[in-house]
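If you want the building blocks of each chain, they are given just below.
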Amino acid sequence: MSPMSKFIVNGGRPVIGRVSIQGSKNAALPILAATLLCTGKSKICRCSELSDIDASVDILRSLGCQCTVDDKCVEVDSGRVCEYTVSECLMSRMRSSIIYMGALLARCGRAEVSFPGGCELGSRPIDLHLSSLRLMGAEIDESGGYLHCEAPHGLHGAYIDLPVASVGTTENIILAAVTAEGRTVIRNAAREPEIVDLCAYLRQCGAKIDGDGQGVIAIDGVGRLRGTEYSVMPDRIAAVTYLAAAAITGGDVEVYDCRPEHMYPVLSYFEQAGCDLTVTDSSVRLRAYGRPRRFEVISTHVYPGFPTDAQPIMLAVSTVADGTSMFVENIFSCRYKYADRLQKMGAHIRISERVAVVEGVERLHGAKVSATDLRGGAAVLLAALAAEGTTVIDNICHIERGYEHIDDILNSLNADVKRVNDDVEQPNEPC
Ligand code: EPU
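Here is what the cut-offs are and how they apply
Residues numbered from 1 in each chain as written. Predicted model: local features only at pLDDT ≥ 70, side-chain atom pairs only at ≥ 80, totals over all residues. Heavy atoms only, no water. Near = heavy atom within 4 Å. Polar contact = N/O pair within 3.5 Å; in protein donor to acceptor, adjacent residues only side chain to side chain. Areas by Shrake-Rupley, 256 points an atom, 1.4 Å probe, with all protein chains shown as cover. 1 Å grid on protein atoms, 1.4 Å probe; cavity = no way out; pocket = protein on both sides within 12 Å on 5 of 7 lines; lining within 4 Å. Sits in = over half its atoms within 2 Å of the grid points. Helix = DSSP H or I, 4+ residues; strand = E, 2+ residues; numbered from the N terminus. Core = buried A, V, L, I, M, F, W, Y, C linked by side-chain atoms within 4.5 Å. Buried < 20%, exposed > 50% of the residue type's maximum accessible area, 1.4 Å probe, protein only. Contact = heavy atoms within 4.5 Å. Points joined across faces, edges and corners; volume = space filled by probe spheres on them. Nonpolar A, V, L, I, M, F, W, Y, C, P; charged D, E, K, R; others polar. Salt bridge = Lys/Arg side-chain N within 4 Å of Asp/Glu carboxyl O.

We now examine the site of the ligand. Not every one of the 24 residues close to the ligand is listed here, only the nearest: Asp-127, Ser-166, Val-167, Asp-309 and Ile-331. A distance of 2.8 Å is found between an oxygen atom of the ligand and a backbone nitrogen or oxygen belonging to Leu-128. At 2.7 Å from an oxygen atom of the ligand is found a main-chain nitrogen or oxygen belonging to Val-167. Out of a free accessible area of 820 Å², the ligand has 87% covered by protein chains. Most atoms of the ligand, that is more than half of them, are within 2 Å of grid points of the largest pocket. At the level of elements, α1 (25-34), α5 (127-135), α6 (167-177) and α12 (374-386) are the ones that each hand at least two residues to the shell around the ligand.

In structure tokens, the structure reads:
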């Protein structure tokens, strides 16, 4: 995929139709890392065709795993892992590569990784990853841009009280703990569904884990895990994005093959916006009637609160709402970078630190804009679907890190999105 590709969007058409929801990116990434811990082959299905998944497969291959990818199933044979270093080039391709630290320490007793890449959402420290793994017996040195990690006496269980319910830290601890000596207890563990999916996979491989999804996770280390076949959960943020496409364009979309219970923190806000929802066990249909109504306050929190990843999505919807909406971002310090792109399209947004106030306008207009990060890029694309005229979005590699074939899907839903490769212009920010 060329980083210079663009979307050219002719807006103003209602988004209408049905869409099957892709497998969750944020669940697939730690599960692929977890295959390092298994003997025998693992087959991970419903892995979306995304650059972050490609990066994970490249990391596994670089460590000596044999990987085959066939129809969204990644088969991993980690029998001959011979490397414990993830190169800087591979690490910089996605933030979530930091979880290879826990997985490699568990598998090889050593790990060398550089500081991870990923979206620019403000300061994204890894102090909790490091302190937690140190509590489990890892010795970690930082030099030459690399983290050199070693567990000379093996990893052991520990009591870890997280000051922040960090998703990535919880995953790293789980990966390190499932084959460690003794019991690990994580207090204030992240409760996101993606953590529950990782634990379900690991239990199927023979791990002993209790309490995932409930805030305190207890893990009893076992000697070995065996490979298994597992299908990754549906992507709740992708599902919400397609519903938002209907809400912002006055459309009618049904998302299916999804888990509505994971989306409840967001669904009630669509109702607040005046949309009709029909929810079954595995689908949600959203019908919108004209302009959305304003949201009162949307405040992001850890699960089961309103997800930070849906904040840009719902803020895009609020730009054309009938009234003024307010957003409070509590998870990341800098998650409104995309707002100036929406302003260029005619949105009225005022930002003050963690608060955004959006005064809805009747119509946005097309503009030449750039995707800033994955969800910010999705927000710009949503705005373009609703805008009058043509919007050109560059740096779409950010969007394609998390949304599988989003142009084809939107076109099948009555939108007009063209993908163009531009060999001349350089992207503003690397993906
Ligand atoms: N934090 C620390 N120290 C640490 C780790 C995290 O202070 O060592 C702080 C972060 O700075 C942030 C907060 O804790 O303020 C939460 O960060 P968390 O660790 O939970 O986020 P993450 O694991 O880096 C995952 C998702 C993000 C999602 C967040 C929050 C993946 C690959 N990424 O990131 O997804 O926004 O959890 O739910 O699972 C996305 O998909 O667009 C995306 C950014």
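Don't stop here, the text continues.
Right, let's talk about the nonpolar core for a bit. Formed by 76 residues in total, the largest nonpolar core has its most connected members in Val-255, Phe-270 and Ile-393. The element best represented in this core is helix α8 (residues 236-249), accounting for eleven residues. Other than its neighbours up to four places away in sequence, Ile-393 contacts Ser-5, Lys-6, Phe-7, Val-9, Val-369, Ser-370, Ala-371, Val-380, Leu-381, Ala-384 and Ile-399. Formed by 75 residues, the second largest nonpolar core is a distinct cluster that contains Val-57, Ile-59, Ala-103 and Cys-199.

There is about 1,100 Å³ of room inside the largest pocket. Looking at the largest pocket, it is lined by 45 residues, and the ones nearest its centre are Arg-124, Val-167, Gly-168, Ile-331 and Phe-332. For the lining of the largest pocket, the secondary-structure elements that each account for two or more residues are α1, α5, α6 and α12. Taken together, the residues of the lining of the largest pocket break down into 19 nonpolar, twelve polar and 14 charged. Lining the second largest pocket are 23 residues, and of these Glu-49, Leu-50, Ser-51, Asp-54 and His-405 lie nearest its centre. Residue assignment for the lining of the second largest pocket shows that the elements contributing at least two residues are α2 (51-62), β5 (66-70) and α13 (406-412). Tallying contributions element by element places α2 first for the lining of the second largest pocket, with six residues.

Taken as a whole, this structure holds 18 salt bridges when the rule is applied. For Arg-93, the salt bridge is made with Asp-58, and the minimal N-O distance between the two is 3.0 Å. Taken together, the residues span a long stretch of sequence, with Arg-93 in the loop between α3 (88-91) and α4 (100-108) and Asp-58 in helix α2 at a distance of 35 residues. Using a relative accessible area of 34% as the deciding quantity, one classes Arg-93 as partly exposed. Note that Arg-187 and Asp-161 form a salt bridge whose closest N and O atoms lie 2.7 Å from each other. Of this pair, Arg-187 sits in strand β11 (residues 183-187) while Asp-161 sits in strand β10 (residues 159-161), and the two are 26 residues apart along the sequence. For Asp-161, a relative accessible area of 42% gives the class partly exposed. Residues participating in the shared-partner salt-bridge network are Lys-25, Asp-52 and Arg-401.

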